[in-house]
Amino acid sequence: MPDHSLYAHRLREIADALDAEPQPTVNAATPHPDTLEVISNRHTKRGQLNYAVPEALELQRRIRRFHADTGLPHGDIVAMAVDTWLRAKGYPPSFPQSKAEAP
């Protein structure tokens with residue numbers, strides 16, 4: 001009888017990876033819990049993100065308005081939006097389990 005233990009091990013790894021994937025939510029724009037944890041950590045290292053975007057979309061005005069309504073910082077709004085979109089397209093971050101780097 002052939003040895004299928006390697007296949008069984010690989011299938012277990014795949015099943016574990018699928019279990020680790022976020023489950024679909026009712027609202028696809030809901031930020032991932034790991035993203036919220038990173039953003040909420042005051043020790044999270046931050047970097048600048050500068051890109052030219054179409055003015056017709058009024059992104060800056062809309063971000064300022066959302067910030068005024070919710071108090072959520074501009075950078076966190078952009079981080080959650082871009083992270084959610086990239087995860088949905090199959091590009092999750094590759095940070096370790098600790099998620100945020102402490103200083």
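A brief structural summary. (Residues numbered from 1 in each chain as written. Predicted model: local features only at pLDDT ≥ 70, side-chain atom pairs only at ≥ 80, totals over all residues. Heavy atoms only, no water.)

**Side note on a nonpolar patch on the surface**
- Together, Leu49, Tyr51, Val53, Val82, Trp85, Leu86 and Tyr91 make up a nonpolar patch on the protein surface, roughly 780 Å² of accessible area in all.
- Locating Tyr51 in the fold gives a position in the loop between α2 (33-40) and α3 (59-70).
- On the basis of relative accessibility, which here comes to 66%, the residue Tyr51 falls in the exposed class. (Patch = residues over 30% accessible without salt bridge, like charges linked within 9 Å, V, L, I, M, F, W, Y side chains within 5 Å. Areas by Shrake-Rupley, 256 points an atom, 1.4 Å probe, with all protein chains shown as cover. Salt bridge = Lys/Arg side-chain N within 4 Å of Asp/Glu carboxyl O. Helix = DSSP H or I, 4+ residues; strand = E, 2+ residues; numbered from the N terminus. Buried < 20%, exposed > 50% of the residue type's maximum accessible area, 1.4 Å probe, protein only.)

**Remarks on unusual backbone geometry**
- In this model, Glu58 sits at a positive phi of 50°, which is unusual for a non-glycine residue.
- Positionally, Glu58 belongs in the loop between α2 and α3.

**Details of the pattern of salt bridges**
- If you walk through the whole model with that rule in mind, you get four salt bridges.
- Glu13 is the partner of Arg10 in a salt bridge, and the nearest nitrogen-oxygen pair spans 3.0 Å. A residue pair is termed a helical-turn pair when its members lie 3 or 4 positions apart in one helix, as Arg10 and Glu13 do in helix α1 (residues 5-20) at three residues.
- Of the residues examined, Arg10 reaches a relative accessible area of 47% and is grouped as partly exposed.
- Using a relative accessible area of 37% as the deciding quantity, one classes Glu13 as partly exposed.
- In this structure, the salt-bridge partner of Arg46 is Asp76, at a minimum N-O distance of 2.8 Å. With Arg46 in the loop between α2 and α3 and Asp76 in helix α4 (residues 74-88), this pair connects stretches of sequence that are 30 residues apart.
- Given a relative accessible area of 53%, Arg46 falls into the exposed group.

Interpretation in functional terms is not warranted from these geometric data alone.
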